[in-house]
Amino acid sequence: ADGQYEMLDPIEIDGEEAYGYVLTRTTSGVAVAQTQRWVEHGDRLYVITFSSAKGQQEATESVMEEVLSTWSWQD
């Protein structure tokens, strides 16, 4: 309710389909971008959120992509 969001195309995280969105909003006078992905594995739901200043969003996307591409289930 306090920002704008954009749904993202699903991606695969270690064989499981993950959904997500980007929320942009202003908090304490700072424009913020928050990317959230969620994925089900077994009987659990995992949620990961990456936040950055809106002006740094593009620079931090590679970090997020690296984390998600190296994700490995340990069950």
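Model, not experiment: these values are computed from the prediction.

Engineer: Tell me about the overall build of the protein, and name the residues and values.
Structural biologist: Within the protein one finds one helix and four strands. The order of α-helices and β-strands along the protein, N terminus first, is β-β-β-β-α. Each principal axis of the C-alpha distribution contributes one length, and for the protein these read about 45 × 25 × 20 Å. The buried share among the 75 residues of the protein stands at 24%. Counting only contacts in the protein whose residues sit at least 6 apart along the sequence, the fraction spanning at least 24 positions is 24%. With an accessible surface of roughly 5500 Å², the protein has 46% of that area assigned to carbon and sulfur atoms. Placing the 4 positive and 14 negative side-chain charges of the protein at their respective mean positions leaves the two points 9 Å apart.

Engineer: Before we move on, can you summarise the nonpolar core with the specific residues and values?
Structural biologist: Ile13, Ala18, Val39, Ile48, Met64, Leu68 and Trp73 form the largest nonpolar core, which has seven residues in total. In contact with Val39, not counting residues within four places along its chain, are Ile13, Glu16, Glu17, Ala18, Arg44, Leu45, Tyr46 and Trp73.

Engineer: Kindly report on the sheet that holds strand 1 (residues 3-13), identifying the contributing residues and their values.
Structural biologist: An order of 1-2-3-4 is seen for the four strands of this open sheet, with the pairing classed as antiparallel. Each edge of the sheet is formed by a strand with only one pairing partner; in this case those strands are strand 1 and strand 4 (44-53). Adjacent strand axes in the sheet meet at a mean angle of 20° when their direction is disregarded. In the sheet, strand 2 (residues 16-27) pairs with strand 3 (residues 30-41) via ten bridges, with the strands oriented antiparallel. In the strand pairing of strand 3, Thr26 is matched with Ala31.

Engineer: Mind laying out the layout of surface pockets, listing which residues take part and the relevant values?
Structural biologist: Of the voids in this model, the largest pocket is the one considered here, and its volume is about 160 Å³. Taken together, Leu8, Ile11, Val22, Thr35, Arg37, Gln57, Glu61, Met64, Glu65 and Leu68 make up the lining of the largest pocket. When residues of the lining of the largest pocket are traced back to their parent elements, those giving at least two are strand 1, strand 3 and helix 1 (57-69). A total of five residues in the lining of the largest pocket trace back to one element, the largest contributor, which is helix 1.

Parameters and conventions
Residues numbered from 1 in each chain as written. Predicted model: local features only at pLDDT ≥ 70, side-chain atom pairs only at ≥ 80, totals over all residues. Heavy atoms only, no water. Helix = DSSP H or I, 4+ residues; strand = E, 2+ residues; numbered from the N terminus. Buried < 20%, exposed > 50% of the residue type's maximum accessible area, 1.4 Å probe, protein only. Contact = heavy atoms within 4.5 Å. Areas by Shrake-Rupley, 256 points an atom, 1.4 Å probe, with all protein chains shown as cover. Lys, Arg positive; Asp, Glu negative; His and termini not counted. Charge placed at Lys NZ, Arg CZ, Asp CG, Glu CD. Core = buried A, V, L, I, M, F, W, Y, C linked by side-chain atoms within 4.5 Å. Pairing = 2+ DSSP bridges. Axes fitted to C-alpha atoms, helices over the stretch in contact; angles between N-to-C directions. 1 Å grid on protein atoms, 1.4 Å probe; cavity = no way out; pocket = protein on both sides within 12 Å on 5 of 7 lines; lining within 4 Å. Points joined across faces, edges and corners; volume = space filled by probe spheres on them.

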